[in-house]
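The chain contents come next:
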Amino acid sequence: MSEETLSNLSHEERRFPPPPELSAQANVTTDTYAEAAADPEAFWAKQAERLTWGTTPTQTLDWSNPPFAKWFADGELNAAVNCCDRHVEAGHGDRVAFHWEGEPGDTRTITYAELTDEVCRAANALTELGVRAGDRVAIYMPMIPEAAVAMLACARIGAPHTVVFGGFSADALASRIADCDCQVVITADGGYRKGKPSALKPAVDEALTRCPGVRNVLVVRRTEQETAMTEGRDLWWHEFVGRQSSEHEAQMFNAEHPLYIMYTSGSTGKPKGILHTTGGYLVGTSWTHWATFDLKPETDVFWTAADIGWVTGHSYLVYGPLTNGTTSVMYEGTPETPHQGRWWEIIEKYKISILYCAPTAIRTFMKWGAEIPAKFDLSSLRILGSVGEPINPEAYVWYRTHIGGDRTPVVDTWWQTETGMHMITPMPGVTAGKPGAAMTPVPGISVEVVNDEAQPVGNGEGGYLTITKPWPSMLRTLWGDDERFVETYWSRFPGMYFAGDGAKKDEDGDIWFLGRVDDVMNVSGHRMSTTEIESALVSHPKVAEAAVVGATDATTGQAIVAFVILRSEAGDGGPDVVQELRQHVAKEIGAIARPRQIMVVEELPKTRSGKIMRRLLRDIAENRELGDVTTLTDSTVMELIKDNMAGAK
Ligand code: WT7
């Protein structure tokens, strides 16, 4: 991280104290912090009482074999019962679980009683297909209620799900299905995006040509587009799930039973299967959802505007909100369809009180102009959340002013797929917010910013963010790869979890995030690996070598910029080579991985040990003066690249 970034950030003087009426009724107070600090394990043991257990745990944390944690290890529970049945039993069956809004404007309202019935039917259907506790199920769905139902049905029968984002390609889907050996896939004919039906099933069909282990595919009918169905393998959800009984007796599973696997990009090419288990994950997501958003389940209407294919969708659209008996909104489509005020229209319509989204969305709305949200009644909002990447002070203040009516606290929540739950965030009734800062660890969480020698840095200094004590919803391992789990997260600093983020403690000791310190990019709040995109590029016959960097981008946070060397047989690659390569990456990984820019170069800058110097390429991509080039094998390479680019523009 550059000195420039560090000093820029410390000039932020604006402070936004919590509204007094919010503080007066807040779920979290300064006492909560004191209680958790005094005995974090006792604090989490108490939070476990939020759940309904078949067997109440007597143990809290088992850290006898670090870094492999067990939480509430002698407890037993069922995740779906905690999300559905118990609210019905408590007399809240008529409470709305989801107000669903389809992109074309069709809607569905699903109560907790209806959700419970539907989850039971789907659980019976999966059982009929031979899915047993421990078997993995892949879910590749648009943002429709059945996506949540499918996840909960898996959880109900103890079959860990792996949800693959619907924007990922057939290849990406195939590699995830293969890595965790799924036998059943749940999908849909398609979903609506940007005013049109967008097919999903053909990608499943293509993926399955490489996944012979998949026995059945359950297909939800959403768009009614022509859909090929393979006899004996593919089944329509409305027929097969539709004819099942809504009675299903849930079995209790051990707290450490796997709940799901979520693949995320690491600093090498192969995505990592992050494994979350049941008890600790639900305690962590349920408590943080209630705490960070000051949730009042009887009156709040909560909206996480994130896709179910990311961890935010898992923790704060499904598991956290549903364990808390929340009324949530789920929206299928894009923010500009059919007009750029769609989100604000949705907030007005459902009287949403808490909105949770990514800075990249906020920056897009800033670009579209404040007069758009100004046309809608947003007075129901009382808390705004941000997630996925650092929120720059301008976006924070715009969000608070133009969406929050200069009234609502903004909670900037730092966490990761790996952490499962919020780790560093303001609490809306306690913290005086600073635009751009994630502030302080959640009660019960211990973090430290350390230097290269693992020593805590002082206030006003930067370093690496580490987590110093185990937490309930931490990942338990990487699917099938304990060694990589230890190596990636627990080797850099002994005894501490290394998050991969640069961070700074300001004069008050509050935490600011400065971006990744590894080869991971953050594009629109989505994590992408430079190496993964490089391998996609070199898999193209015209490409000899590729280097990918994340360049600062005003809207998406970072943007993907690729430098490629063509094979000599390819000549100059032809006039459309750049387009061809961008398309190729989209096909290999998914449209979100399509580089913003590809530059064809003759050489790449490398260190004497042969490592590509991405820092220099980033300087070029961001049009900065070149950094130190003395470790380059041949420092003229950079001049060549620059000349080459000047020609390319
Ligand atoms: C990485 C994790 C958290 C769910 C969505 C992304 C970055 C995330 C923040 C934030 C600064 C943030 C970090 C982190 N990040 N939230 N509030 N401030 N950076 O989950 O795909 O696992 O990505 O996103 O770099 O390591 P993910």
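These figures come from a predicted structure and were not determined experimentally. (Residues numbered from 1 in each chain as written. Predicted model: local features only at pLDDT ≥ 70, side-chain atom pairs only at ≥ 80, totals over all residues. Heavy atoms only, no water.)

1. Some points on the pattern of salt bridges
What counts, and what does not: When a carboxyl oxygen of Asp or Glu is within 4 Å of a side-chain nitrogen of Lys or Arg, the pair counts as a salt bridge. Counting from the N terminus, the helices are DSSP H or I runs at least four residues long and the strands are E runs at least two residues long. Classification of residues uses two cut-offs on accessible area relative to the type maximum, computed with a 1.4 Å probe and protein chains only: under 20% is buried, over 50% is exposed, and between them is partly exposed.
Taken as a whole, this structure holds 35 salt bridges when the rule is applied. In this structure, R108 and E146 form a salt bridge, with 3.2 Å as the shortest nitrogen-oxygen distance. Separated by 38 residues along the polypeptide, R108 in strand 5 (residues 107–111) and E146 in helix 8 (residues 145–156) bring together distant segments of the chain. When its relative accessible area of 10% is taken as the criterion, E146 is described as buried. Of the charged contacts, one joins R516 and D501 as a salt bridge, the two residues approaching to 3.2 Å between their closest N and O atoms. Within this pair, whereas R516 is found in strand 25 (residues 511–516), its partner D501 is found in strand 24 (residues 497–505), the two being separated by 15 residues in sequence. The class for D501 is buried, based on a relative accessible area of 9%. Because the salt bridges share partners, they merge into one network encompassing E101, R342, E345 and K349.

2. Remarks on the UniProt feature "binding site: CoA" (unreviewed entry) in the protein chain
Note the cut-off: UniProt positions are given in the numbering used here, feature names are shortened, and annotations may be inferred rather than shown by experiment. We call two residues contacting when some pair of their heavy atoms lies within 4.5 Å.
In the UniProt entry, the feature "binding site: CoA" (unreviewed entry) is given for R193, K194, G195, K196, T312 and S524. Spanning 332 residues, the annotated positions stay apart in the fold, the maximum distance between their C-alpha atoms being 25.3 Å. Its relative accessible area of 45% is what places R193 among the partly exposed residues. Mapping S524 onto the fold places it in the loop between strand 26 (520–523) and strand 27 (526–529). By relative accessible area, S524 is classed as partly exposed at 23%. Leaving out residues up to four positions away in the same chain, S524 has contacts with T360, E389 and T556.

3. Some details on helix 17 (residues 482–490)
Every buried residue of helix 17 is accounted for by R484, F485, Y489 and W490. Buried positions along helix 17 lie against strand 1 (61–65), strand 2 (68–71), strand 15 (272–277), strand 23 (477–478) and strand 24.

4. Concerning the site of the ligand
What counts is decided by this rule: Residues are labelled near a given molecule or strand when at least one of their non-hydrogen atoms is within 4 Å of it. Here a polar contact is recorded for every N or O atom pair within 3.5 Å, except that within protein the pair must consist of a potential hydrogen donor and a potential acceptor, and residues adjacent in sequence are included only if both atoms are side-chain atoms. Surface exposure here means Shrake-Rupley accessible area, sampled with a 1.4 Å probe, where a residue is shielded only by the protein chains that are shown.
The ligand sits among 17 residues. The nearest are D412, T417, D501, R516 and R527. A distance of 3.1 Å separates a nitrogen atom of the ligand from a polar atom in the backbone of G388. The contact in question runs from a nitrogen atom of the ligand to an N or O atom on the backbone of E389, over 3.4 Å. When the free accessible area of the ligand is taken as 550 Å², the share hidden by the protein chains comes to 95%. Listing elements by their share of the shell around the ligand, those giving two or more residues are helix 13 (311–323), strand 20 (410–413) and strand 25.

5. Some thoughts on the packing of helix 8 against helix 13
Helices that pack against each other are described as a pair by the angle of their axes relative to one another and the distance between those axes. Worth spelling out the cut-off: Axis lines are fitted to C-alpha atoms, over the contacting stretch for helices. Their N-to-C directions set the angle, which ranges from 0 to 180 degrees. Angle categories: roughly parallel below 35 degrees, roughly antiparallel above 145, roughly perpendicular from 65 to 115, and oblique for all the rest. For any helix crossing, the convention is left-handed if the near helix is rotated counterclockwise from the far helix by under a right angle, and right-handed if that rotation is clockwise. Side-chain classes are defined by residue name, with Ala, Val, Leu, Ile, Met, Phe, Trp, Tyr, Cys and Pro counting as nonpolar, Asp, Glu, Lys and Arg as charged, and the others, Gly among them, as polar.
Taken N-terminus to C-terminus, the directions of helix 8 and helix 13 make an angle of 60°; their axes are 11 Å apart at the nearest point. Taken as axis vectors, helix 8 and helix 13 run oblique relative to one another. In terms of crossing hand, the pair formed by helix 8 and helix 13 is right-handed. Contacts from A148, M151, L152 and A155 in helix 8 reach H314, V318, Y319 and L322 in helix 13. Looking at the contact of helix 8 with helix 13 residue by residue, the classes come out as seven nonpolar, one polar and no charged.

6. Observations regarding the domain arrangement of the protein chain
Applied cut-off: Per the annotation, domain bounds derive from an automatic or database assignment of domains. When two components associate, each loses some accessible surface as probed by a 1.4 Å sphere; the sum of these losses over both components is called the buried area.
Partitioning the protein chain into domains gives domain 1 (110–249) and domain 2 (524–647). The distance between the C-alpha centroids of domain 1 and domain 2 comes to 37 Å. At the interface, seven residues of domain 1 touch seven residues of domain 2. Across the domain 1/domain 2 interface, buried area totals approximately 500 Å², and carbon plus sulfur atoms make up 48% of it.

7. Overview of the sheet that holds strand 16 (residues 301–304)
This is how it is decided: DSSP bridges decide pairing: two strands pair if at least two such bridges lie between them.
Spatial strand order, 5-4-17-16-18-19-20: seven strands in an open sheet with mixed pairing. Since the sheet does not close on itself, it has two edges, and those belong to strand 5 and strand 20, each with one partner. Ignoring strand direction, the axes of neighbouring strands in this sheet form an average angle of 20°. Across three bridges, the pairing between strand 16 and strand 17 (residues 327–331) is parallel. Looking at strand 17, one finds that W303 is bridged to V329. Across the sheet, helix 7 (residues 112–128) lies against strand 4 (96–101) and strand 5, angled at about 90° from strand 5, the strand it touches most.

8. Overview of the confidence of the model for the protein chain
The cut-off we apply is this: The pLDDT score gives, residue by residue, the confidence of the prediction method on a 0 to 100 scale.
When the pLDDT values of the protein chain are averaged, the result is 93; 95% of them are 70 or greater. Here residues 1–7 is a poorly scored stretch, pLDDT under 50, and it has seven contacts once near neighbours within four places are set aside; other chains count. In the predicted assembly, ipTM is 0.99 and pTM is 0.90.

9. A look at the sheet that holds strand 21 (residues 447–450)
Strands sit in the order 21-22-24-25 across an open sheet of four strands; the sheet is antiparallel. Of all strands in the sheet, those with a lone pairing partner are strand 21 and strand 25, marking the two edges. On average, each strand axis in the sheet is tilted by 45° relative to the strand beside it, whichever way the strands run.

10. Some remarks on the pairing of strand 16
Along any regular strand, the residues point their side chains to alternate faces of the sheet. The test is simple: For a crossover, the right-handed case is the one in which the path from the first strand over the helix to the second runs clockwise, viewed with the strands pointing away from the viewer.
Every second residue of strand 16 is oriented toward a common face, with V301 and W303 on one face and F302 and T304 on the other, all of them buried. In this fold, strand 16 hands off to helix 13, which returns the chain to strand 17; that crossover is right-handed. With three bridges connecting them, strand 16 and strand 18 (residues 354–357) associate as parallel partners. Residue W303 lies in a different strand from strand 18, and its bridge partner there is L355.

11. Description of unusual backbone geometry
Excluding glycine, most residues fall at negative phi; most peptide bonds, likewise, are trans. The omega torsion across P66 and P67 is 0°, close enough to zero to call that bond cis. Summarising the element assignment, P67 is placed in the loop between strand 1 and strand 2. Cis geometry is found at the peptide bond from T337 to P338, where omega equals -5°. Along the chain, P338 falls in the loop between strand 17 and helix 14 (342–350). Positive phi, normally seen in glycine, also occurs at D294, with a value near 45°. A positive phi angle is found at M439, which is not glycine, with a value near 75°.

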